[in-house]
Structure formats: structure tokens, C-alpha cells
Amino acid sequence: MPTALPRRVAIVGANRIPFARSNTAYAQLSNKTMLTDTLRGLVEKHHLQGELLGEVVGGAVMKHSRDWNMVRECVLSSGLNANTPAFDVQQACGTGLEAAILVANKIALGQIEAGIACGVDTTSDAPVAVNRGLQRALMDLNAAKTTSAKLKHLMRAINPKHLVPELPANAEPRTGKSMGQHAEITAKRYGITREAQDALALASHQKLARAYDEGFFDDLVMPYHGLKRDNNLRPDSSLEKLAKLAPAFDRNGGTITAANASPLTDGASAVLLASEEWAQKKGLPILAYLVTGEVAAVDFIDEREGLLMAPAYAIPRMLARLGLTLQDFDFYEIHEAFAAVVLCTLAAWESDEFCRTKLGLPGALGSIDRSRLNVKGSSIAAGHPFAATGGRVVATLAKLLAEKGAGRGLISICAAGGQGVTAILER
Amino acid sequence: MADLLLRLASDRRTAGLIRRLGLPTPVRLARVAGGYDAAPLAGRLVVYGAAPGGFAEAALRQAAEGAGAHCVTGLSEGQAADTLLFDATGCRTSGDLAALHGFFAPKLRRLARNGRVLVVSRDPVTLDDPVAAAVARGIEGFVRALGKEIGRRGATANLARLVPAAESQLAGLVRFCGGPRCTYVSGQVFRLAPATAPQPGASQLAGKIAVVTGAARGIGAATAQRLAEEGARVVCVDVAAARDALYETALRVGGLPLVLDIAAPDAPSALAAFLRDKTGGVDVVVHNAGITRDKTLANMKPELWDAVMAVNFAAIAAIDAALLAGKVLHDGGRIVCLSSVSGVAGNFGQTNYATSKAALIGYVAAQAPLLAPRGITINAVAPGFIETPMTARIPLMTREAGRRLNALSQGGLPRDVAELITFLALPSSAGLSGNTVRVCGLALIGA
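Caption draft 1: Examining the sheet that holds strand E4 (residues 111-122) of chain B more closely. Residue and element names in this part refer to chain B. Across the sheet, which stays open at both edges, the six strands sit in the order E2-E1-E3-E4-E5-E6 with parallel pairing between neighbours. One side of each edge strand has no neighbouring strand; the edge strands of this open sheet are strand E2 (70-72) and strand E6 (189-192). Direction aside, neighbouring strands of the sheet carry axes that sit 20 degrees apart on average. Strand direction decides the pairing type here: strand E5 (residues 156-162) and E6, joined by four bridges, are parallel. Considered in E6, the bridge of Arg161 is made with Arg191.

Shown next as C-alpha cells:
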């Protein structure tokens, strides 16, 4: 098999805090606090105190303007060598996985020996900005040179309507539609039923609960602010309970509910990547290798393609590049933004028409063995703190491969703006 | 931590009023930022002298001049002395002691604010003649009383007790006791034994590894910083509850944070493994972590007794055993234990605390000869009233009393304790082991 990267990149450690539903356990915590504590947990677990890493890469989707250099600030408080560089990235829900790909690429090229990919998000501490009119007036006031000009802009700034703050919106700027509304349209297009979505959601909870019970997450998740498990987890849910919920985005015949979608969530995650030599030198076990990544975007304006369907394009390209088939994997981690997204993506790959017309392939990629899909649960059960999801998925899959001993896993994460970030891990 | 009285007494506009009210008038104490430089006594006028028949005068003068001081045997008109050094090793009879009066009495009025006094005597236990031994012991009383007299001006007085052939060890002690860093240490005895010690100088801890427990705040944080200023890489240890402050300290001093409850059963082995793997061992160990669980003995639950004993004493012995067993603590290493004036004098409501802190005094005395073959020294420092977050929680009137009942009429700062700890941790302090040194501003309580 052609290797995708010039040098193997090992996943050698990971840490995350339990994910918490918005405005619950972490309601009073900031992104910076959660990410700092998560990095400290990683540092303490793997004795990285004082280590000079090549780079720490991460981000948050919902970020205050004061956190413009967030990851570097967190690194300074992390116990790592203070000379460790860092930078912020933002690619919506793909942020965490994109960060891992960026770190992996630098390691593969020999530019760095080890680095951390991380992500954090909170919807309990969202960046509420001042009114756009007030912001303009303040900027003009700041730029004004004469007293009279200053006075003029000051008077302009004082206006009752400026008291209305600018709130971050959960909507696509290009379409005005929420992500759920988009997903609803795509689900209809592929004929995804409410029952199928509810079944997938229930399975997510059951698998995540079992994983916790088995201790699978013992060395991946650290206790934090009273939580030991993701507090969105509902192990005792049932299809009957799920069936009772009203559609969340389309009252007339909609199929997406609060229960078969991922909730607004607070949390943070971090993954330690390194060259094989570095891992050996530090005595850290290699869980798995990050083989490659692939990113795609689709034109979702007027729903010419589903907003969250980009991974369906990225993955076939990645498979072609490596000479693999969709069936060559032991594990599939398809991020459950909505149960419908997972099912639409699988349906697209099973569709001759989609694969021929949209992907230019001779025929359908085919089905996957569903028993290999999200085997330790996914975002519907765990929750989805946007930028932290990538780290959660990479860590989970790496440990699955480490436990299996050998194998290959596929990661698919859909993101706002019609984007999709995907990657392959193997061991 | 603000000392209002100190502020009012140091302000020219209010100082007179404070004096007329009969309140103590503490002076602003001299302190030094940063680490030792090559000539820490530069710019100081040192007056030295000796009782006839002594053997340490030359070493005293050499030590002071080597540290950059200007040394004279007498003051000319209008001069003020920054440091007075006196060799009393010649005192063998009660009559000889008059030399102390002869040297100091005329000079005390001309001792500068924040002046320093260091007297050198023989070690009574090494003297066969009971009278000579008594005379040597008597000098300790003189130094303590002198310290109480000059404390009003922020000055401190200390005693070096020499085992024969230990004069060469005075080089480091003169830099500490004869200079500004001896801010809150007064009336103390430093027993110097012969040793192979490097010449004191700047950055003596460069390339060395230090570990400080309880490093998140207060004395521990100040010690971590002070050791780092001498060039050490400091492993800063504290419990999980202090994690934020611990990481801030580690960042500030360029050290490594290590979250560890030293009283946990596996803590000694965990610490030893961390130091072996991460830093290749350790050179300086500062046992600073300690807790108080105050109750009068009749009301004290066994848990309170056990908790204090576990953290303040048992953990220290267990950690030392682990670090010594695997030679994780390098030869030539330094151990400093934080005792307390409570351990020296006892304190109401602190039977548990005083027991644990007094035990450390016995511990360093007993360990010192055992560690000597490896060139490791072990000493204890016993802080008095230090302005820390812990003492800030003491009720106002008790706090005021604690603060004023010493020769300097004020509390010490964590930095002052850190200065003493750092001095004991220097390679040039090889001649000091088994000592317990108070850093209490010469507290009025205590032996």
C-alpha cells in the first residue's frame, strides 16, 4: 500500500474532559480554562512537564475576541516548556481533526518531532458582541482626531438601539437556515426515516454506556468538575421514549428530533502525536498511526448538495489515493452531528447514481459492515463540543486499534459551510 | 498581608505620631532582588575585630573582602558600619568575654540601619575545659541579646560556631549573615564543620535540580523562585487543589509542575520515579509542604493528629528514604526541612503541629552524620511569623501580636525564609549540616 505520509506519525496519548450539555456542569467555565485543564491532564498523565514540543495546534469554534491567541495562552499554563509554540485554527466542527492532520503533516515532513492537537468549545460562555452600530461608532470615535469629531461620534454611539447585543447565531450565513433545517432537507432527499435515525441514536447511547462500563475511557477521559462521564449519556433510553419527541426543525413531517441530533455541548480534548523515534525515546506506547487526511467542501447553496455531505466526497478521494476500498476498514467513526447525516452519507455511498454522477466513479462504493460503525458511541450520546469532537474521535479510534492489535479505521466529520474533514488511522 | 503600622512608621509624616503613641516603630527591612552576584558585599563598610588568641579573624576578613566589602578595624569620624564581624574564638575565660564589650559597645551607635553582626565562637561541645565551654556557650546569649537591641533598626546579629579547622567555611556564611539577605534571621547559631566546599559565587545552582514541596504559594513559591534565581531547575510539587497556583509558580520560575499529595502511600516512589526519569535525579530537596489542624489537645480528634503527622513528618522521612535509596538524590545533595517556631517553643492549640515540627529538628540532627559520607547536608529552618496567605487568616489581634513580638517588630516575608533555605542549599554551604535555624526576626517566644 502506498504510504500517504513520508514518515509515520504515531498517536501516543490522549486526554479529554467528560463532555457536558450546555449550561450544566461547565456553565461557569471558559474555553481557556477547559483547554488548559485538559492539556494539564495530558501533561500529567504522560509526564510531559517541561517538555519542549514542536507545536500545539487547536482551536475553538465559538471564541471570544480576547482569546485571539488562545492555544498559546493555554500552553503557557499547561506545564509544557514555555518555549513550545502554538497556533489557533478554526474549521467549524472539523477543527479538532484538522488540527491533528496539521500536526501529523509537520511530523511526517520532519519539521517537528511531537505535537499536540486539541480543541475546545462552550456554548455556555458564548461570545456575545456589542451591537454592530455601536461597534462602528466606537471605531470612528477611536479614529477621530479633533474634539468636535470625537464629540460627534460619541453622540452617535449613545443610542438606545445599540443596547441590543449581537448574538452568535446557529445558522449558515449563506442560507439563513439552521444546520438542522439543512439536515432535514438532506434526510428527505435520501428517504431517511425517523425510525432509522432513532435506532442509530439509541445505539449510540448504548454503545457509549457500555464503553464506560467496560472502562474503555478510563485512560482517555479525566474526571472534571464532578463529572466522570459525558452527562448527555442516557443509557436507559428506549425507542419508545425517542419516538415520543416532536420534530425539532420541521413540524410537518420532519424526522430530526432533539434526541437523534447531537446537543449543544461544552468540552475539550487533546491528542499527543509524535514521530516513532520520539515516542520510543520517551517510552510512550504507540496506539496507532495517522496515515492521511482529506478535506472536501460542497456547494450547499439552495441545497444543490447537502450541507453536511462533504465527507461523502472527501473519503472516496482519499480511498482512491491510497488504493483502498470502503470495505477495507475495521472501524468507521462517522461523527453523529445528526443521525440523519450518518445515514445519508452511507446511503450516498450505496447509491450507484450518487457515486457515478457526483463522484465520477463506475458504480457505488457499496455498504459497510454496520457493526463496525461508531462502536464506542458517538456525538449523539457523548455530545458535540464542536472543536473538541475531532480529538475525541481520534483518541477513541486509536485506542480501538491498539486494543485490536492491528487494523485500519476511517474518520468522517462533517462541518458547517459545507465542509468535511476525514482521515485514516491504522496500526 | 499589608502591614499598616510598618507603612505609618516608615512615612515621615506619621512616624512621629506612632512614636508618641508608644507603638512599635518597625523600619523597612533591606531585601535583595535576584540571585547572588560575584561580590554581594560590594559597597559595604565592614568593621572587624577579634579577642586575643583567636584563629578566625583572618578568615573573616578574607571572606568579607572576597565578597567585595571594604574592611576596616575602626571607624573614622562620621562613618557608619554596615557589618560588624568579630572573632571571639580566643575567649577562654570569663575575663576574655570583656573583648565583646570592648569591640561592640562603642560601635553600636554607628551601626547603620539594616546593619549586620556576625560573631564567631568555638563550639562548646568540642572543648574539654568546662570554663572554656561555658564561655563559648555564653557568647550565644550575648548574640541573642544584642540582636534584640539592634532589631529596632532592622539590624540582625548571628553566631557562627566553629568546629576546629572549619574557618574556611566562613566564606559563604559571611556573604549571608554579613549582607542584606539575612533580613529576618537573627540571634541564630550556625554550626560550621570542616568540609570540602566550593568558593561561593554567582549562579551556584546552575545545572542543578531542586524539588520544592508545597510550591504553589507562600514560602514554597518564594523558595522555588529563589532557587531558580541561583540557576536551579525547580520541580514544583503541590496537591491537586492548588493546581492553578502551582502551574503559575512553575511558569514563573521556569520549573516543572508536579501534582502530588506527598502523604499518599505511593508518593515517595512516584516522586523518585519522576525525578529519575525527567531530570536525572535531584540535588536540592526542600520539604516545605505542611498543614495545620489546630485544636486544643482535649478537643482534638485522632484524624487531626494523624493528618498533621502524616504530611508534616512521616511523608518527609518516607520521601527522603526513597530518594536516598536509589541515589536519586545526588552525592553532595542538600535537604532542607521546614520546621517552625511552634516546634521550638510549642504553641497553644498546636500539640500535633508542634510535635511534627519539633520532630524535624531531631530528624535533621540525627540524619546529618549518616548523610555526611555522601557529602549530603540536611538542615531545618524554623519560620516565625511570616506574612503568608495562611497567617493572613489569623484573627486581627492575634495576628498583630504575632507580628510585633519579635526584635524587628514586624512579620517576615516568604522571601526571607527562601533566602535562608537557598543559602543552606548552596554548594558552598557544605559545612552546615544538622542545624535548625530560626527565621523569626528573633521572636520573643521560643528557646
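Caption draft 2: Here's a closer look at unusual backbone geometry. Positive phi outside glycine occurs at Asp302 of chain A, with the angle close to 60 degrees. The phi dihedral of Ser409 of chain B falls on the positive side, at around 55 degrees, and the residue is not glycine. Along the chain, Ser409 of chain B turns up in the loop between helix H13 (396-404) and helix H14 (414-425). On the basis of relative accessible area, Ser409 of chain B is assigned to the buried category, the value being 14%.

Caption draft 3: Region of interest: the pattern of salt bridges. Residues and elements named next belong to chain B. The full count for this structure, using the stated rule, is 46 salt bridges over all chains. Where Arg226 meets Glu229, a salt bridge forms, and the shortest distance between an N and an O atom there is 3.6 Å. In this pair, Arg226 and Glu229 both sit in helix H7 (residues 218-229), three residues apart, roughly one turn of the helix. On the basis of relative accessible area, Arg226 is assigned to the buried category, the value being 0%. The network of salt bridges with shared partners includes Arg181, Arg226, Glu229, Glu230, Arg415 and Glu419.

Caption draft 4: Looking closely at the interface of chain A and chain B. Residue-level contacts link 13 residues of chain A with twelve residues of chain B. The contact between chain A and chain B buries some 1,000 Å² in all, and 48% of this surface belongs to carbon and sulfur atoms. Looking at the side of chain A facing chain B, the largest losses of area belong to Arg40, Glu44 and Gln49 of chain A, adding up to 52% of the total buried there. Counting the contacts that link chain A with chain B gives three salt bridges. Notably, a salt bridge pairs Arg243 of chain B with Glu44 of chain A, separated by 2.8 Å at the nearest N-O pair. Considering every element that reaches the side of chain A that touches chain B, the biggest residue donor is helix H1 (residues 31-45) of chain A, with three residues. By residue class, the composition of the side of chain A that touches chain B is three nonpolar, six polar and four charged.

Caption draft 5: Structural context of the packing of helix H10 (residues 310-322) of chain A against helix H11 (residues 339-350) of chain A. Residues and elements named next belong to chain A. Running from N to C, H10 and H11 point in directions that differ by 50 degrees, and their axes come no closer than 9 Å. It follows from the interaxial angle that H10 and H11 lie oblique. You can see that H10 and H11 cross each other, and the crossing is right-handed. Contacts between H10 and H11 involve Pro311, Ala312, Ile315 and Pro316 from the former and Thr345, Ala348 and Trp349 from the latter.

Caption draft 6: Seen up close, the nonpolar core. Ranked by internal contacts, the top residues of the largest apolar core, which has 63 residues, are Leu170, Phe190, Leu227 and Leu420 of chain B. Core analysis: the second largest hydrophobic core is formed by 53 residues, Leu200, Ile256, Ile334 and Leu346 of chain A among them.

Caption draft 7: Local environment of the packing of aromatic side chains. Here the structure, examined in full by the defined rule, presents 14 aromatic pairs over all chains. When the ring of Phe249 of chain A is compared with that of Phe338 of chain A, the centres are 6.2 Å apart and the planes differ by 80 degrees; the resulting orientation is edge-to-face. Remark: Phe338 of chain A occurs in the loop between strand E8 (331-334) and H11 and Phe249 of chain A occurs in the loop between helix H8 (239-243) and strand E6 (265-275); sequence separation between them is 89 residues. Taken together through their ring pairs, the aromatic side chains of Phe86, Phe103, Phe104 and Phe142 of chain B make up a single cluster. Over the face of the ring belonging to Tyr36 of chain B we find Arg181 of chain B, whose NZ or CZ atom lies 4.4 Å from the ring centre.

Caption draft 8: Examining the side chain of Arg399 of chain B more closely. Residue and element names in this part refer to chain B. Of note, Arg399 is situated in helix H13. Lacking a salt bridge, the buried Arg399 has Glu400 as its closest oppositely charged neighbour, with an N-O distance of 5.6 Å. Here Arg399 is in contact with Phe385, Thr391, Ala392 and Ile394, once residues within four sequence places are set aside.

Caption draft 9: How the structure looks around the side chain of Ser356 of chain B. All names here are of chain B. Relative to the assigned elements, Ser356 resides in helix H12 (residues 351-371). According to the relative accessible area criterion, Ser356 is buried, its value standing at 0%. Ignoring any residue separated from it by four or fewer positions in sequence, one finds Ser356 in contact with Val308, Met309, Asn312 and Phe313.

Caption draft 10: Broad picture of the pairing of strand E9 (residues 256-259) of chain B. Residues and elements named next belong to chain B. Here strand E8 (residues 233-238) pairs with E9 via four bridges, running parallel. Each residue of the ladder has a partner; that of Val235, found in E9, is Leu256. Regarding the hand of the β-α-β motif, the stretch spanning E8, helix H8 (residues 243-253) and E9 is right-handed.

Caption draft 11: Representation of the environment of Gly154 of chain B in the model. Residue and element names in this part refer to chain B. For Gly154, the position within the fold is in the loop between helix H5 (130-150) and E5. Placed 126 residues apart in sequence, Gly154 and Arg28 show a C-alpha to C-alpha distance of 7.2 Å. Filtering out sequence-adjacent residues up to four positions away, Gly154 remains in contact with Val27, Leu29, Asn114, Arg116 and Leu408.

Caption draft 12: Structural view of the packing of helix H9 (residues 267-279) of chain B against helix H10 (residues 302-325) of chain B. All names here are of chain B. At their nearest, the axes of H9 and H10 sit 8 Å apart, and the two run at 40 degrees to each other. The angle between the axes of H9 and H10 places the two elements in the oblique class. With respect to the hand of their crossing, H9 and H10 are arranged in right-handed fashion. Side by side, H9 and H10 meet where Pro268, Leu271, Ala272 and Leu275 of the first sit next to Ala318, Ile319, Ala322 and Leu323 of the second. Looking at the contact of H9 with H10, its residues break down into eight nonpolar, no polar and no charged.

Caption draft 13: Region of interest: a nonpolar patch on the surface. There is a patch of nonpolar side chains on the surface, built from Leu151, Leu154, Met155 and Ile158 of chain A and spanning about 410 Å² of accessible area. Among the secondary structure elements, Ile158 of chain A is positioned in the loop between helix H5 (147-157) and helix H6 (179-189).

Caption draft 14: Just the sheet that holds strand E10 (residues 282-287) of chain B, in detail. Residues and elements named next belong to chain B. Read from one edge of the open sheet, seven strands run E9-E8-E7-E10-E11-E12-E13, paired in parallel fashion. On the outer flanks of this sheet lie E9 and strand E13 (436-439), each paired with one strand and no other. Taking the axes of each pair of neighbouring strands and ignoring which way they run, one obtains an average angle of 20 degrees across the sheet. The strands that H7 touches are strand E7 (209-213), E8, E10, strand E11 (329-338) and strand E12 (377-383); relative to E7, the one it contacts most, it runs at about 170 degrees.

Caption draft 15: Just the environment of Leu442 of chain B, in detail. Residues and elements named next belong to chain B. Position of Leu442 among the secondary structure elements: in the segment after E13. A sequence separation of 258 residues divides Leu442 from Tyr184, and the C-alpha atoms of the two residues are 7.8 Å apart. With near-sequence residues (within four places) excluded, Leu442 lies in contact with Arg144, Gly147, Lys148, Ser186, Gly187, Asn406 and Ala407.

Caption draft 16: Local environment of the environment of Thr422 of chain B. All names here are of chain B. Tracing the chain through its elements places Thr422 in helix H14. Put simply, Thr422 and Gln225 are 197 residues apart on the chain and 9.9 Å apart in space, counted from C-alpha to C-alpha. Non-local contacts of Thr422, meaning those with residues more than four positions away in its chain, are made with Arg226, Leu227 and Glu230. A polar contact is formed between the side chain of Thr422 and the backbone oxygen of Ala418, at a distance of 2.7 Å.

Rules used throughout
Residues numbered from 1 in each chain as written. Chains lettered and ligands numbered in written order. Predicted model: local features only at pLDDT ≥ 70, side-chain atom pairs only at ≥ 80, totals over all residues. Heavy atoms only, no water. Pairing = 2+ DSSP bridges. Helix = DSSP H or I, 4+ residues; strand = E, 2+ residues; numbered from the N terminus. Axes fitted to C-alpha atoms, helices over the stretch in contact; angles between N-to-C directions. Buried < 20%, exposed > 50% of the residue type's maximum accessible area, 1.4 Å probe, protein only. Salt bridge = Lys/Arg side-chain N within 4 Å of Asp/Glu carboxyl O. Contact = heavy atoms within 4.5 Å. Buried area = accessible area lost by both parts, 1.4 Å probe. Nonpolar A, V, L, I, M, F, W, Y, C, P; charged D, E, K, R; others polar. Parallel < 35°, antiparallel > 145°, perpendicular 65-115°, else oblique. Left-handed = near helix turned anticlockwise from the far one by under 90°. Core = buried A, V, L, I, M, F, W, Y, C linked by side-chain atoms within 4.5 Å. Phe/Tyr/Trp six-rings, centres within 6.5 Å; stacked < 30°, edge-to-face > 60°. Lys NZ or Arg CZ within 6 Å of the ring centre and 35° of its normal. Lys, Arg positive; Asp, Glu negative; His and termini not counted. Right-handed = clockwise from strand over helix to strand, strands pointing away. Patch = residues over 30% accessible without salt bridge, like charges linked within 9 Å, V, L, I, M, F, W, Y side chains within 5 Å. Areas by Shrake-Rupley, 256 points an atom, 1.4 Å probe, with all protein chains shown as cover. Polar contact = N/O pair within 3.5 Å; in protein donor to acceptor, adjacent residues only side chain to side chain.

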